[in-house]
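Tertiary structure, described
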Amino acid sequence: MSLQSALDALKEKRYQEAVELLEQFCRNCLEHDSSDYLSAQMWLMKAYQATGEIEKAKILCQKLIISENPQARSWAEQASQSFRQTPTNASQKAGRAATTGMKLAMGGVGGSLALASGVTMTLLFGMVLALGLSLVFIVGSDDPLQGLAIAIGITLVFNIAAFFISPFIMDLTQGWLYQTRWVELAEVETLTPETAKVIRQICEQKKLKMPRLGIINDQNPTAFTYGSLPNSARLVVSQGLFTYLDDDEIATVYAHELGHIVHWDFAVMTVASTLVQICYLIYSTARRFGRGGDSKIKDAMQTAALVAYVFYVFGTYLLLYLSRTREYFADHFAAESTGNPNALSRALVKIAYGILEEGSRTQEPSRLIEGTRALGIYDHKAAASTGTAYRIASDPQKIGRVFLWDMFNPWGWWMELNSTHPLTGKRVRALSNYAEQLGLPTEFDMGRVIGEGKSLNKSRLYGNFFLDVVLYGAETIGFFIGLVMGVILWSSSPNTGLVLGAPLIGLGIGILVKALAMFPDYKQAAETDILTLMSDPYASPLRGQPAKLEGQLIGRGDAGYKFGSDLKIQDRSGMLYLHYASRFGPIGNFLFGMKRVQSLIGEQVGAVGWFRRGVAPWMDLIQLQSENGTIVNSYHRFWSFILGSGSIILGVVLTMFLSSR
């Protein structure tokens, strides 16, 4: 496909065709500084304007304005003037309150931040203290009071040191990994005047010292804070925030991050994270020292390691709960401070869209987005569904539909337990509630979404969920049922083979039953698109939905892994990860990633697989097809059937062999 054919389509006013050709050319072009690539970007901006996709045109224009090419930069600055006369989605934005600072009721959303922080910190500190005491007593302290003092001292010194030193370590790592550029408020004001106004206003009202402001030259939109004390906090955003968001939306993102500073969130999270890591450190140390030596000390060390690991797991979930709670309260702070909860709703959706768009332009996942997942305003793993909806049209109804899964599917609640951020649908619903309290129309009609959610088939939603939870543990359930049956049969007719063989047979049956649910027949897989799949409120991470997609392979799906075997496919409605499984296991995956993946990127394919929905949706690949036939086969079912059948055969053989002796 040549650039000329795209330009011909544009001149002949075949705008939709021109958009598709230009998008494809830009994805396939490896030299982003070349004149052809910049020309394609300019013409694509014009094509977007012609098809009414003004938001996309504005985003491209912003990127060209900061281009290193002076001609492209000059052209974009002139072209930006046209947006003042062009009707955009901004004219359809839900409004803001006339005044700021009005108190907004949270209505139970997020619980109590003070309670969550207090309980989490108390429990974590107590766990570390208990573990410290156990280690002190294990080494044989003759004076329990002295042992208590040592344990408390070690805990306090370690945490105080981590509390004050960690921000400087973060400064070094941020500069090394992301080349963070520290700027003055005046520079931020040139980029977004309303943001500077909001920063000054909040700092003045809360008697807060101006945070140190940083910008990372990365087009993936994100923002985060870190530090020890509110008056020495750092507030860092990426360049992508200024590209994808409008002025009022950027202001609410900064207000959200300032909310973290006002609430001391980063300080609490720094200490809490340190306490959890101490638990893990004690676990790993005790396990290592518990492998030899005196049997009494060895047993004590093994016990301490087990307790430490339990505390580590429990502490991790406490930390995740605290992280989700602080996001709700930061959203609430931004809504009160700016009087513009609708802008933050739009910002969350546009950030998801920006992450999706940037991901579609690179063959490797972003190191910035991966590395700051817990710190950032948005969990990038949840971006695919929301970003996909926004990608094809800024239609609140279409965007709202993908929130059905977040709000009503019980898997959403289950998956959220392992997430640092609340699901997007729940955050937008809370922000819509604040807009209603301010007497504003809401950006996204969450009333319609809630109404549609109430009409969902509850027996299908919850019946499938509880059945899927059972199926998740089918192998374990099968093993123990087999063990119980083997013991019962052995008690009436002593046969060692039954005790050993029956659990293996049960294990194999469990694996096969689970595989049948995960990998149903795909021969009649329906042709669909990514948005339709993501809008299904009944989707499950276990129960695979056979589907066929037509699109382009645009890169690898494995973060930071040069030889990753997973792929990304993009169709007109969005992007989805494809998980590959070789017939030869991990070695085959590695060889496929090393030898084949790079040659497949850029190919137009039909992908057949099983769609699954978690925090991040994906498809377990079955086949990749081109015009010339099947080019890749993937074997997710193969290993399940091999392991299940092998376990059953081994169990039968053991039973028969030992019973014959």
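The shown structure was predicted, so the numbers you read here are calculated from the model rather than taken from an experiment. (Residues numbered from 1 in each chain as written. Predicted model: local features only at pLDDT ≥ 70, side-chain atom pairs only at ≥ 80, totals over all residues. Heavy atoms only, no water.)

**Considering the nonpolar core**
Of all hydrophobic cores here, the largest spans 99 residues; its most connected members are Leu241, Tyr254, Tyr378, Leu578 and Leu624. When near neighbours in sequence (up to four residues on either side) are disregarded, Leu624 contacts Leu553, Leu567, Leu578, Leu600, Val605, Gly606, Ala607, Gly629, Thr630, Ile631 and Val632. In terms of nonpolar packing, the next biggest core, distinct from the first, is built from 27 residues, Leu21, Leu60, Ala76 and Ala79 among them. (Core = buried A, V, L, I, M, F, W, Y, C linked by side-chain atoms within 4.5 Å. Buried < 20%, exposed > 50% of the residue type's maximum accessible area, 1.4 Å probe, protein only. Contact = heavy atoms within 4.5 Å.)

**Regarding empty space enclosed by the protein**
Within the structure shown, the criterion is met by four cavities of 30 Å³ or more. A volume near 40 Å³ is recorded for the second largest cavity. In terms of lining residues, the second largest cavity is bounded by Ala382, Ser385, Thr386, Asp406, Leu423, Thr424, Arg613, Gly614 and Val615. Split into classes, the residues belonging to the lining of the second largest cavity amount to three nonpolar, four polar and two charged. (1 Å grid on protein atoms, 1.4 Å probe; cavity = no way out; pocket = protein on both sides within 12 Å on 5 of 7 lines; lining within 4 Å. Points joined across faces, edges and corners; volume = space filled by probe spheres on them. Nonpolar A, V, L, I, M, F, W, Y, C, P; charged D, E, K, R; others polar.)

**Points about helix α11 (residues 247-262)**
In an α-helix, one turn spans 3.6 residues, which is why side chains three or four residues apart end up on the same side. Under the 1.5 Å per step criterion, the end-to-end length of α11 is 22 Å for 16 residues, consistent within 8% with the ideal 22 Å. Taken across its 16 residues, α11 has 14 buried, putting it largely inside the fold. Where α11 ends, the next residue or the one after it, Trp264, has phi of about 60°, a positive value. (Helix = DSSP H or I, 4+ residues; strand = E, 2+ residues; numbered from the N terminus. Expected span 1.5 Å × (residues − 1).)

**As for a nonpolar patch on the surface**
On the surface, a nonpolar cluster with roughly 570 Å² of combined accessible area is contributed by Ile160, Phe164, Ile165, Ile169, Leu229 and Trp264. You can see Leu229 is positioned in the loop between β3 (223-226) and β4 (234-238). (Patch = residues over 30% accessible without salt bridge, like charges linked within 9 Å, V, L, I, M, F, W, Y side chains within 5 Å. Areas by Shrake-Rupley, 256 points an atom, 1.4 Å probe, with all protein chains shown as cover. Salt bridge = Lys/Arg side-chain N within 4 Å of Asp/Glu carboxyl O.)

**What about the pairing of strand β9 (residues 604-612)?**
Most of β9 sits inside the fold, with eight of its nine residues counted as buried. Relative to β9, strand β6 (residues 545-556) runs antiparallel, the two sharing eight bridges. Within the sheet, the bridge partner assigned to Gln552 lies in β9 and is Gln604. With seven bridges connecting them, β9 and strand β10 (residues 618-626) associate as antiparallel partners. (Pairing = 2+ DSSP bridges.)

**Description of the pattern of salt bridges**
Under the criterion given, the structure shown has 17 salt bridges. When the shortest N-O distance is used, the salt bridge between Glu187 and Arg181 registers 2.7 Å. Judged by its relative accessible area of 29%, Glu187 falls in the partly exposed class. A relative accessible area of 39% means that Arg181 is categorised as partly exposed. The partner of Arg346 in a salt bridge is Glu443, and the shortest N-O contact between them spans 2.8 Å. With Arg346 in helix α14 (residues 341-361) and Glu443 in the loop between α20 (424-437) and α21 (446-454), this pair connects stretches of sequence that are 97 residues apart. Owing to a relative accessible area of 6%, Arg346 belongs among the buried residues under this scheme. You can call Glu443 buried: its relative accessible area is 14%.

Such coordinate-based values are descriptive only and should not be taken to indicate function.
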